[in-house]
Amino acid sequence: MAQSPSRSSPNARMLGGIAAAAVSLGVAQVAGVFFPAPADPRNAVGSAIVDLTPGPVKELAIQALGGLDKLFLAVAVLVVIAAAAAIAATYESPRRPIGSAVFVVAGLLGCAAVISRPGATAADIIPTVAGTACGVAALRLLAVRLWSHTEADAEVGSGDDHEEVDDSRRMWLATAGLLGFGAATGLLGFLATRVVHSVAAERDTSALPTPRLPAPPIPPEVQPKNVALPSFVTDAADFYRVDIALSVPQLSRQDWRLRIHGMVDREITYSFADLDRFEVVEKVVTLTCVSNPVGGDLISNGVWTGYRLTDLLAAAGVSPDADMLLSTSVDGFTVGTPVETLHDGRDALLAVGLNGQPLPVEHGYPARLVIAGLYGYVSATKWVTDLELTRFDRAEAYWTKQGWAPRGPIKTESRIDVPRNGQRLPVGPTTFGGVAWAQNRGVRAVEVRIDDGPWQPAQLGAAYSGQTWRLWSFPWHAVDAGDHTITVRATDNTGTVQTSDQVPTVPDGATGWHAVNFTVV
Ligand SMILES: Nc1nc2c(c(=O)[nH]1)N[C@H]1C(S)=C(S)[C@@H](COP(=O)(O)O)O[C@H]1N2
Ligand SMILES: [Mo]
């Protein structure tokens, strides 16, 4: 008898399990279109994983994968779900629905992830429940109607090849159909969720308030000549992005609220329209991420339009005992900022615009914090909706809970952009260059060393303000062919020279000198 190897073989069952899981995810995704963002199980599970991942592992992911970290997580989650479903399905039988039980447990975990999302309500588990139910139904269908058939046939040794082939074909068709259904609904739901919830169109057609105090014009001398350096003001499209948001929060101006509470005389909630009563300011501030390694590119400079945080807070009356501003974004991310930094003269804004346009959605639309001189994890809350006045001895923010320092002033650092590591240059004149930063102090000098030679002063682009980076250049004459190393160090306006001590990014920012190897040919 020609035993068809495919019939009800472990492979067929595993593929069937994956198909049933695809149905679960697809149905949940489509159902999610009709629910608010926290109900999206894909997001909720991913976010729960991000939250549960130890801080140093997250840090590694940010550094190793950069902007691809989120895609990596999404793919990894899908692979794990597929593998678990495949294994679970091999234990499913008509009498003992062990695979189905695994699906139910996974669904419950999904519901738990959804419920744990900030702003989630009980109704938000409906898409996950619907998806789980459909996935179990699909698995039962396969197990009871198709796999068991082929098994029973095999046991009694049915010799009818035609029937066998028919059963086998039916089973494969059903499996493929379920897989296709899952993939199609998943894709449809994913795209529809994006379209339905997107604030991109609103953002693109929103007006930015006109600053009553425009930033002083940026003189062309900020940009050194004869060397291809980053632009002094970073294009919004090139602005570095770091956040834990698996899908970018879509918060309309209409829905946006900023609640100010905690150690205040009276609680206040502003709507976006309420901001009109405050003076609009424009400030140029360089943001930097604490995860930026020496020589890294997690730093960008923007022109920010917004409102002074002190103005917004004054109406609430901040208690003198409050030393932390704990800000929360719509997706639950938190940041702890020292209250004193809001009053010491540095730029500290609720920003609504970047480079003369409404904030890009991925950079915090409709409103975010921008506070000069502090790494982003303690200052730059995007999609901010809540400001609580509290104390460092009472509250801990997101990254501090993961082992980062509660306070994160930006360290004096510098970077070589030209030459690139390993670059080959012809003999003759050339110009090197890069950036240096010490926000809220300002950069006074940059020095460069070729190999073990003496430190030589670099030429500095004009200083715009202490809140921004400074670009530098260094003309050099390559005389002989050979390998060389260029090293850079900055001095800030307090006279502090950038330290050569190499420390990692955890817990409060990397230090060390950036060095680049190049070859004259
Ligand atoms: N809501 C939210 N805001 C956030 C973060 C985040 O994960 N979620 N990350 C912070 C960190 S660590 C940095 S460095 C800056 C980066 O801001 P950008 O993406 O606009 O450059 O955003 C900060 N604000
Ligand atoms: Mo960061």
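Quick note: structure is the one above.
What counts and what doesn't
Residues numbered from 1 in each chain as written. Chains lettered and ligands numbered in written order. Predicted model: local features only at pLDDT ≥ 70, side-chain atom pairs only at ≥ 80, totals over all residues. Heavy atoms only, no water. Near = heavy atom within 4 Å. Polar contact = N/O pair within 3.5 Å; in protein donor to acceptor, adjacent residues only side chain to side chain. Nonpolar A, V, L, I, M, F, W, Y, C, P; charged D, E, K, R; others polar. Helix = DSSP H or I, 4+ residues; strand = E, 2+ residues; numbered from the N terminus. Contact = heavy atoms within 4.5 Å. Axes fitted to C-alpha atoms, helices over the stretch in contact; angles between N-to-C directions. Parallel < 35°, antiparallel > 145°, perpendicular 65-115°, else oblique. Pairing = 2+ DSSP bridges. Buried < 20%, exposed > 50% of the residue type's maximum accessible area, 1.4 Å probe, protein only. Core = buried A, V, L, I, M, F, W, Y, C linked by side-chain atoms within 4.5 Å.

K.L.:
Just checking my understanding: could you explain the site of ligand 1 for this structure?
P.N.:
The environment of ligand 1 is made up of 18 residues, and the closest members are Tyr-240, Ile-244, His-363, Arg-368 and Lys-382. Within the backbone of Ile-244, an N or O atom sits 2.8 Å from an oxygen atom of ligand 1. Contact distances for ligand 1 include 2.7 Å between an oxygen atom and a side-chain N or O atom of His-363. Split by residue class, the shell around ligand 1 holds nine nonpolar, four polar and five charged.

K.L.:
Which parts of the structure should I look at to understand the environment of Met-324?
P.N.:
Topologically, Met-324 is positioned in strand β5 (residues 324-329). Considering only alpha carbons, one finds Met-324 and Pro-406, 82 residues apart in sequence, at a separation of 10.0 Å. Ignoring any residue separated from it by four or fewer positions in sequence, one finds Met-324 in contact with Gly-336, Thr-337, Val-339, Glu-388, Leu-389, Thr-390, Arg-391, Phe-392 and Ala-395.

K.L.:
How should I be thinking about the packing of helix α2 (residues 41-52) against helix α5 (residues 98-115) in this particular structure?
P.N.:
Orientation of α2 relative to α5, taken along the N-to-C sense of each, is 80 degrees, at an axis distance of 8 Å. Classed by the angle they form, the pair α2 and α5 counts as roughly perpendicular. Of the residues in α5, those touching α2 at Pro-41, Ala-44, Val-45 and Ala-48 are Gly-110, Ala-113 and Val-114. Its residues placed into classes, the contact of α2 with α5 shows six nonpolar, one polar and no charged.

K.L.:
Which parts of the structure should I look at to understand the sheet that holds strand β19 (residues 514-520)?
P.N.:
The strands that make up a sheet pair up through hydrogen bonds in the backbone, lying either parallel or antiparallel. Taken together, the five strands give an open sheet; going across it, the order is β12-β19-β18-β14-β15, and neighbouring strands pair in mixed fashion. On the outer flanks of this sheet lie β12 (423-425) and β15 (456-457), each paired with one strand and no other. Direction of pairing for strand β14 (residues 443-450) relative to β15: antiparallel, over a ladder of two bridges. Within the sheet, the bridge partner assigned to Val-448 lies in β15 and is Gln-456.

K.L.:
Hey, could you run me through the pairing of strand β17 (residues 470-478) in this one?
P.N.:
Among the nine residues that make up β17, seven are buried, leaving the element largely enclosed by the rest of the structure. Pairing between strand β13 (residues 428-437) and β17: nine bridges, direction antiparallel. Bridged to Gly-434 within β17 is Trp-472. Of the pairings in the sheet, the one linking strand β16 (residues 459-460) to β17 comprises two bridges and is antiparallel in character. The residue of β17 that forms the bridge with Gln-459 is Ser-473.

K.L.:
Even after reading the chapter, I still don't get the nonpolar core, so can you show me in this structure?
P.N.:
A general feature of soluble globular proteins is that nonpolar side chains tend to end up buried together. Counting 82 residues, the largest nonpolar core has Ile-260, Trp-304, Leu-312, Leu-350, Leu-387 and Leu-389 as its most contacted members. When residues in this core are grouped by element, the largest group, six residues, is from strand β7 (residues 348-354). The contacts of Leu-387, once residues within four sequence positions are left out, are Leu-258, Arg-259, Ile-260, His-261, Leu-309, Leu-313, Leu-325, Leu-326, Ser-327 and Leu-369.

K.L.:
Before we go on, may I ask you to explain the pairing of strand β4 (residues 299-308) in this structure?
P.N.:
For a regular strand, side-chain orientation follows a simple rule: the groups alternate between the two sheet faces. Of all ten residues in β4, nine are buried, a share of seventy percent or more. In terms of strand pairing, strand β3 (residues 280-288) meets β4 through nine bridges, oriented antiparallel. Across the sheet, the residue bridging to Glu-282 is Thr-305, located in β4.

K.L.:
What is the right way to look at the side chain of Thr-305 in this model?
P.N.:
You can see Thr-305 is positioned in strand β4. What makes Thr-305 buried here is its relative accessible area of 1%. The contacts of Thr-305, once residues within four sequence positions are left out, are Leu-208, Pro-209, Val-280, Val-281, Glu-282, Leu-350, Ala-351, Val-352 and Gly-353.

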